[in-house]
Amino acid sequence: MHAFDVLGDPVRRRILELLADGEQPAGAIAAVVQAEFGISQPGVSQHLRVLRENGFARVRAEGARRLYAVEAAPLQDVDRWLDRFRRAWEQHLDALATELARGERARRTSAATDPGAGSAAGPEEDT
């Protein structure tokens with residue numbers, strides 16, 4: 001299964017979000033996913049299995065509990081794939097940051113030369 005097929009499912013993405021905070025017992029993962037998505041415990045187990053079999057998660061036994069943790073390698077592969085696209089949106093974000101800075105600088109300059117320019121209130125009227 002391709003990484004984006006694995007990550008394309010919102011339940012599996014949510015499980016990975018939970019695992020990003022650290023190792024989690026299967027029961028805790030199932031409780032959150034069942035509450036948020038309304039799927040059964042066996043359904044959650046299927047998603048955990050897909051993550052495990054495709055290298056996105058690892059499991060270890062601790063007594064009767066199964067503790068799951070995220071595996072970084074497949075996510076690093078996805079990150080490398082996204083890198084060529086990241087350059088395009090970073091350029092747009094850099095341009096936006098530049099325009100925002102220009103606007104802020106112009107507003108400060110205007111407020112410094114005309115103290116009433118920055119005020120939202122209009123001229124006061126005598127009553």
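Residues numbered from 1 in each chain as written. Predicted model: local features only at pLDDT ≥ 70, side-chain atom pairs only at ≥ 80, totals over all residues. Heavy atoms only, no water.

Colleague: Can you break down the packing of aromatic side chains residue by residue, with the values?
Modeller: Summed over all chains, the structure comprises 2 aromatic pairs. Note on Trp81 and Phe85: the rings are 4.9 Å apart at their centroids and 50° apart in plane angle, and the pair reads as tilted. With Trp81 and Phe85 both in helix α5 (residues 72-113) and 4 residues apart, this pair spans about one turn of that helix. By relative accessible area, Trp81 is classed as partly exposed at 38%. (Phe/Tyr/Trp six-rings, centres within 6.5 Å; stacked < 30°, edge-to-face > 60°. Helix = DSSP H or I, 4+ residues; strand = E, 2+ residues; numbered from the N terminus. Buried < 20%, exposed > 50% of the residue type's maximum accessible area, 1.4 Å probe, protein only.)

Colleague: Tell me about the pairing of strand β2 (residues 57-62), and please be specific about residues and values.
Modeller: Here β2 pairs with strand β3 (residues 65-70) via 6 bridges, running antiparallel. Within the sheet, the bridge partner assigned to Ala57 lies in β3 and is Val70. Counting the residues in the hairpin turn of β2 and β3 gives 2 residues, including Gly63, whose phi is positive at 65°. (Pairing = 2+ DSSP bridges.)

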